Amino acid sequence: MKFRLANINDSDKLDILLTKLIQDERTYDDSIDPNFKVKGFYCNVLNMNNKIIYLCELNDVICGYIYLIVEDYTSKIDALYVEESFRGKGIGTKLIEWALNYINDNNIQSITINVMTENQNAKKLYQKYGFKIIDETEKRTCMKYSKNLWKIVWIVGKGDRI
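Notes on the structure follow. Counting starts from 1 at the beginning of each chain's written sequence and moves along it residue by residue. Residue-level local features of this predicted model are given only where pLDDT is at least 70; pairs of side-chain atoms are given and counted only at 80 or more, and the full residue set underlies all totals for whole chains, interfaces and linings. Side-chain measures here rest on the full set of heavy atoms in the structure, leaving out hydrogens and waters.

1. Brief notes about the environment of Phe-3
At step 1: The way it works is that DSSP assigns letters per residue, a run of H or I at least four long becomes a helix, a run of E at least two long becomes a strand, and they are numbered from the N terminus. By secondary structure assignment, the location of Phe-3 is in strand S1 (residues 2–5).
At step 2: Spatially, the C-alpha atom of Phe-3 lies 29 Å from that of Thr-117, the residues being 114 residues apart in sequence.
At step 3: Only heavy atoms matter for contacts: two residues are in contact if any of them lie within 4.5 Å across the pair. Discounting chain neighbours no more than four positions away, the residues touching Phe-3 are Tyr-54, Leu-55, Cys-56, Ile-91, Lys-94 and Leu-95.

Take a look at the structure:
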């Protein structure tokens, strides 16, 4: 498996995966049109500086991705999807870990995600990484991870901030 940032050449494949993600959500929301298809979305997204897509490939096939939107000191996971045949192999975990490392490395304070309220597996996965439920409706649950930026670690005997 190889993990990397997406580029414009990946946009059509990512549109197909987003279509699959949306169709998977029909399990929890029957109002989603079964014929809905994404076309041209990621071509536009990949040209924006504040939108980042990190993906997983196996034998040159994209098997999962995470789409992160960054605004000042906050961010949002707008999509996380792993192809069904690749689930249970740790790909989703590695993608979430990448996002958490990204916010830590870039001084971003928090990250949110909306998941389908009935999708207990997704909620458990995010809770494992410290995401907390901050809002819940019949269909959607908003979860948030906040890092504590205010901790100051003192080196014993030196008083230096790190």
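2. Section: the nonpolar core
At step 1: By size, the foremost hydrophobic cluster in this structure holds 28 residues, and its most contacted members are Ile-66, Ile-77, Leu-100, Ile-111, Tyr-126 and Phe-131.
At step 2: Within the residue set of this core, elements represented by two or more residues are strand S2 (51–58), strand S3 (61–71), strand S4 (74–82), helix H3 (91–105), strand S5 (110–116), helix H4 (120–128) and strand S7 (140–146).
At step 3: Counting residues per element, this core draws most heavily on H3, at 7 residues.
At step 4: Tyr-126 has contacts with Ile-77, Leu-80, Ile-96, Ile-113, Val-115, Phe-131 and Met-143, leaving out every residue within four places of it along the chain.
At step 5: Listed in part, the 19 residues of the second largest apolar core include Ile-22, Val-45, Ala-79 and Tyr-81. Here the nonpolar core consists of buried residues drawn from Ala, Val, Leu, Ile, Met, Phe, Trp, Tyr and Cys, with membership extended through side-chain atoms lying within 4.5 Å. When accessible area is computed with a 1.4 Å probe and restricted to protein chains, residues below 20% of their type maximum are described as buried, those above 50% as exposed, and intermediate ones as partly exposed.

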